[in-house]
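# Chains, contacts and geometry: an overview
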Amino acid sequence: MLSETLVKVALVAVVGGAFVLIVRRWHDGVFLALAVSLESTVFVIASFIVDRDRPPVEQLDPPAPSGSFPSGHAGAAVAFYVGLCVVVCWHTCNRIVRAIFVVVAVAAPLAVGFSRAARGMHHPIDVVAGMLLGVGALYVVRGALARGVDEIDREADSSVAERVRRLDLTSCREGR
């Protein structure tokens with residue numbers, strides 16, 4: 001349940017909204033939403049391309065229409081809970097708060113991955129691949145957002161510099 005589709009969507013919406021209200025930053029919610037969305041998109045495409053059968057054991061859940069490889073639940077758990085830990089660590093230096101979120105970031109994906117394998121829905125390698133997919137989604141989204149912010153900063157710096165140059169020219173014309 002920690003990474004069911006409806007739970008993922010609700011958690012991203014609630015946590016993203018909380019970031020806007022508490023920290024006054026929408027970027028962190030966007031980071032989480034994009035990471036979970038990218039992971040989900042790649043998971044769906046990969047699982048239909050690979051189309052691996054579920055393990056030949058009793059399955060305790062109804063089978064999903066997608067294949068076994070990779071585990072979308074494990075990937076989503078990593079993308080959300082590790083992403084949440086990253087964002088919290090950006091905003092606090094409190095070791096206790098950080099430790100709590102690190103424990104959650106490790107425990108939740110491991111619990112999801114273990115349960116998906118134990119319930120007969122995935123081979124262990126499917127879970128590992130899903131977790132790596134979640135890490136990859138976080139890395140790609142963080143890199144893309146960082147480049148976007150750098151570009152905004154460069155444009156802002158150049159527009160400020162241009163305004164300063166215009167002010168200097170105006171000052172020269174006015175004899176100041």
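This structure is a prediction, so every number in the text was calculated from the model and none was measured.

## Describing the overall build of the protein chain
Along the protein chain, the regular secondary structure elements total five helices and zero strands. The proportion of buried residues among the 176 residues of the protein chain is 34%. Counting only contacts in the protein chain whose residues sit at least 6 apart along the sequence, the fraction spanning at least 24 positions is 74%. Accessible surface, the protein chain as shown: approximately 10,800 Å² in total, 69% of it carbon and sulfur.

## Topic: helix α1 (residues 5–23)
Residues lying three or four places apart along an α-helix face the same way, a consequence of the helix completing one turn every 3.6 residues. Between its terminal C-alpha atoms α1 stretches 26 Å, which fits the 27 Å expected from 19 residues at 1.5 Å a residue. On its buried face, α1 sits against α2 (27–50) and α3 (72–91). Following α1 by one or two positions, R24 adopts a phi angle in the positive range, close to 65°.

## Side note on the nonpolar core
Counting 18 residues, the largest nonpolar core has V15, F19, L32, F80 and L84 as its most contacted members. Mapped by element, the contributors of at least two residues to this core are α1, α2, α3, α4 (95–118) and α5 (124–173). Element by element, the count of residues in this core is highest for α3, at seven residues. Those residues in contact with L32 that lie beyond four places of it in its chain are V15, F19, A79, F80, G83 and L84.

## A word on the environment of G17
Counting through the fold element by element, G17 comes out in helix α1. On the basis of relative accessible area, G17 is assigned to the partly exposed category, the value being 29%. Between the alpha carbons of G17 and G29 there is a distance of 7.0 Å; along the sequence they are twelve residues apart.

## Notes on the state of the cysteines
As enumerated under the stated definition, the model contains zero disulfides in all. Cysteine C85 remains unbridged, with the sulfur of C89 as its closest cysteine sulfur at 4.1 Å. Among the residues examined, C85 registers a relative accessible area of 8% and is labelled buried.

## Quick look at the packing of aromatic side chains
Pairs of aromatic rings are described using the distance from one ring centre to the other and the angle between the two planes. Scanning the model with the defined rule gives two aromatic pairs in all. With a centroid separation of 5.3 Å and 50° between ring planes, the pair formed by F31 and W90 is classed as tilted. One end of the pair, F31, is in helix α2; the other, W90, is in helix α3, and 59 residues separate them in sequence. By relative accessible area, which is 38% here, W90 ends up partly exposed. Seen from their ring centres, F80 and Y81 are 5.0 Å apart, and the 85° between their planes marks the pair as edge-to-face. The pair formed by F80 and Y81 is uniform in burial state, with each residue classed as buried.

Rules and cut-offs
- Residues numbered from 1 in each chain as written.
- Predicted model: local features only at pLDDT ≥ 70, side-chain atom pairs only at ≥ 80, totals over all residues.
- Heavy atoms only, no water.
- Helix = DSSP H or I, 4+ residues; strand = E, 2+ residues; numbered from the N terminus.
- Buried < 20%, exposed > 50% of the residue type's maximum accessible area, 1.4 Å probe, protein only.
- Contact = heavy atoms within 4.5 Å.
- Areas by Shrake-Rupley, 256 points an atom, 1.4 Å probe, with all protein chains shown as cover.
- Expected span 1.5 Å × (residues − 1).
- Core = buried A, V, L, I, M, F, W, Y, C linked by side-chain atoms within 4.5 Å.
- Disulfide = S-S within 2.5 Å.
- Phe/Tyr/Trp six-rings, centres within 6.5 Å; stacked < 30°, edge-to-face > 60°.

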